[in-house]
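Each chain is listed here by its residues.
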Amino acid sequence: MKTWLLRIQILLLLMLVLVAAGHKFEVIPFALMAQGFMVGLGGSLLLGAVALVALVWAGVGKKEGWTMPMVSVVVIAAAPILLIIATAGDGFDKPRIHDITTDIHNPPSFSVAQSLRKEGENSLEYSIETLPALQSSAYPEIEPLMVSQTAFESYEQAKATLEALGWEVTREDIVNYELEAVEETRLLGFKDDVIVRVQAAKGGSRIDVRSVSRVGVSDLGANAKRIQRYLAAFQAQ
């Protein structure tokens with residue numbers, strides 16, 4: 001029995017890896033990946049609980065040969081959970097939103113991003129009734145960046161920053177000083193859309209950024225962190 005518990009646990013871990021890889025390489029859609037994760041993770045945690053009980057039973061009954069296999073089962077069950085916690089950080093405390101912008105009153109409008117989104121993925125329509133209040137409460141630090149250089153200079157720097165970060169630029173509008181791009185997460189291959197808008201302002205120019213997840217209700221803070229990372233990279237250029 002102890003051998004089979006370990007074997008099944010390894011198979012469940014392999015299942016999690018395969019569905020993650022399948023989504024990253026666009027073989028498995030998000031809905032199927034989510035279902036696969038729920039089944040794989042739920043089964044893995046259940047086996048981990050069984051292994052903990054078996055460890056206590058083996059310790060009380062002084063059964064030999066059970067400790068290492070059962071500890072392995074528990075460790076494998078804990079690994080995905082620890083990875084999720086490490087990746088999300090404090091994201092579980094954030095509101096269930098996935099559309100973040102430096103301008104909550106007049107957010108930049110996407111042009112080509114909608115055509116890149118598949119059926120069933122999140123809309124790019126900004127909910128002015130609910131999002132501003134939620135974002136202001138959760139991310140008060142997300143604000144426009146004011147710089148002393150001209151709008152054209154900022155536009156060129158904005159484009160260079162996108163390229164330096166390795167994001168795929170999908171639209172360049174030198175007339176309106178707007179740029180659209182896509183960032184793909186390394187682990188699961190989630191693709192999120194970003195738009196950068198540059199406007200002339202008193203004493204220089206203003207840079208606004210908007211980042212929207214393609215799938216999922218909550219982004220666990222990912223879009224706010226992306227905007228902060230972009231603006232920090234812009235300033236470092």
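Q: How would you explain the environment of I97 if you had to name every residue and give the values?
A: By secondary structure assignment, the location of I97 is in the loop between α3 (67-88) and β1 (99-101). Sequence-wise, I97 and L220 are 123 residues apart; in three dimensions their C-alpha atoms are separated by 8.3 Å. Discounting residues that sit within four places of it in the chain, I97 has contacts with L131, L134, Q135, Y139, V217, S218 and D219.

Q: Now, about the nonpolar core: what can you tell me, with residues and values included?
A: Formed by 27 residues in total, the largest nonpolar core has its most connected members in V196, I207, V209 and Y230. When contributions to this core are tallied by element, the ones reaching two or more residues are α5 (131-138), β2 (145-147), α6 (151-165), β4 (178-184), β5 (191-201), β6 (204-213) and α7 (222-236). Among the elements that take part in this core, α7 stands out by supplying five residues, more than any other. Every residue in contact with V196, bar those within four places of it in the chain, is listed here: A158, L162, Y177, E178, L179, I207, D208, V209 and Y230.

Q: Mind laying out the pattern of salt bridges, listing which residues take part and the relevant values?
A: With the rule as written, the count across this model stands at 16 salt bridges. Here R206 ties to D103 by a salt bridge, and the two come within 3.2 Å at their closest N and O atoms. You can see R206 sitting in strand β6 and its partner D103 sitting in the loop between β1 and α4 (113-116), a full 103 residues away along the chain. Here D103 falls in the buried class, since its relative accessible area comes to 10%. Among the ionic pairs, R117 bridges to D193, the shortest N-O distance being 2.9 Å. Placement of the pair is R117 in the loop between α4 and α5 and D193 in strand β5, with a sequence separation of 76 residues. The class of R117 is buried, set by a relative accessible area of 8%. Connected through shared salt-bridge partners, D103, R197, R206 and D208 make up one network.

Q: Kindly report on the pairing of strand β3 (residues 168-173), identifying the contributing residues and their values.
A: Bridge count for β3 against β4 is five bridges, and the pairing is antiparallel. Within the sheet, the bridge partner assigned to E168 lies in β4 and is V182. Hairpin connection, β3 to β4: the antiparallel pair is bridged by four residues, and Y177 has positive phi, about 55 degrees.

Q: Give me the lowdown on the pairing of β4, citing residues and values where you can.
A: By the criterion of burial, β4 is predominantly enclosed, with six of the seven residues buried. Taken together, the seven bridges between β4 and β5 define a ladder with antiparallel strand orientation. Residue pairing for β5: L179 is matched across the bridge by V196.

Q: Outline helix α1 (residues 2-24), supporting the account with residue identities and numerical values.
A: A rise of 1.5 Å per residue sets the reference length of α1, with its 23 residues, at 33 Å; its end C-alpha atoms lie 34 Å apart and thus fit the reference within 8%. Every buried residue of α1 is accounted for by L5, Q9, L12, L16, V19, A20, G22 and H23. Along its buried surface, α1 packs onto α2 (30-61) and α3.

Q: How would you summarise the layout of surface pockets if you had to cite specific residues and measurements?
A: Each pocket or cavity is described by its volume, and for the largest pocket that value is around 1,500 Å³. Counting only elements with at least two residues in the lining of the largest pocket, the list comes to α1, α2, α3, β4 and α7. Within the lining of the largest pocket, the residues separate by chemical class into 25 nonpolar, six polar and eight charged. Estimated volume of the second largest pocket: approximately 450 Å³. What lines the second largest pocket is a set of 21 residues, and nearest its centre among them are H23, K118, E121, R214 and V215.

What counts as what
- For every chain, the first residue of the written sequence is number 1, and numbering continues from 1 onward in sequence order.
- The predicted nature of this model means local features are confined to residues of pLDDT at least 70 and side-chain atom pairs, given and counted, to a pLDDT of 80 or more, with totals for whole chains, interfaces and linings taken over all residues.
- Derived side-chain values reflect all non-hydrogen atoms in the structure, with water molecules and hydrogen atoms excluded from consideration.
- Going along the chain from the N terminus, every DSSP run of H or I of four or more residues is numbered as a helix, and every run of E of two or more is numbered as a strand.
- In this description, contact between two residues means that some pair of their heavy atoms is separated by no more than 4.5 Å.
- For this analysis, a nonpolar core means a set of buried residues of the types Ala, Val, Leu, Ile, Met, Phe, Trp, Tyr and Cys, connected via side-chain atoms within 4.5 Å.
- When a residue's accessible area, from a 1.4 Å probe over protein chains only, is under 20% of the maximum for its type it is buried; when over 50% it is exposed; and in between it is partly exposed.
- What makes a salt bridge here is a side-chain nitrogen of Lys or Arg within 4 Å of a carboxyl oxygen of Asp or Glu, nothing more.
- Between any two strands, pairing holds if DSSP finds at least two bridges.
- One less than the residue count of a helix, multiplied by 1.5 Å, gives the span that helix is expected to have.
- Throughout, the protein atoms alone are placed on a 1 Å grid, and a set of points is a cavity if a 1.4 Å probe fits but cannot get out or a pocket if it is open with protein on both sides within 12 Å along at least five of seven lines; lining residues have an atom within 4 Å of a point.
- Grid points are joined across faces, edges and corners, and a volume is the space filled by probe spheres set on the points.
- Note on residue categories: nonpolar means Ala, Val, Leu, Ile, Met, Phe, Trp, Tyr, Cys or Pro, charged means Asp, Glu, Lys or Arg, and polar means any other residue, Gly included.

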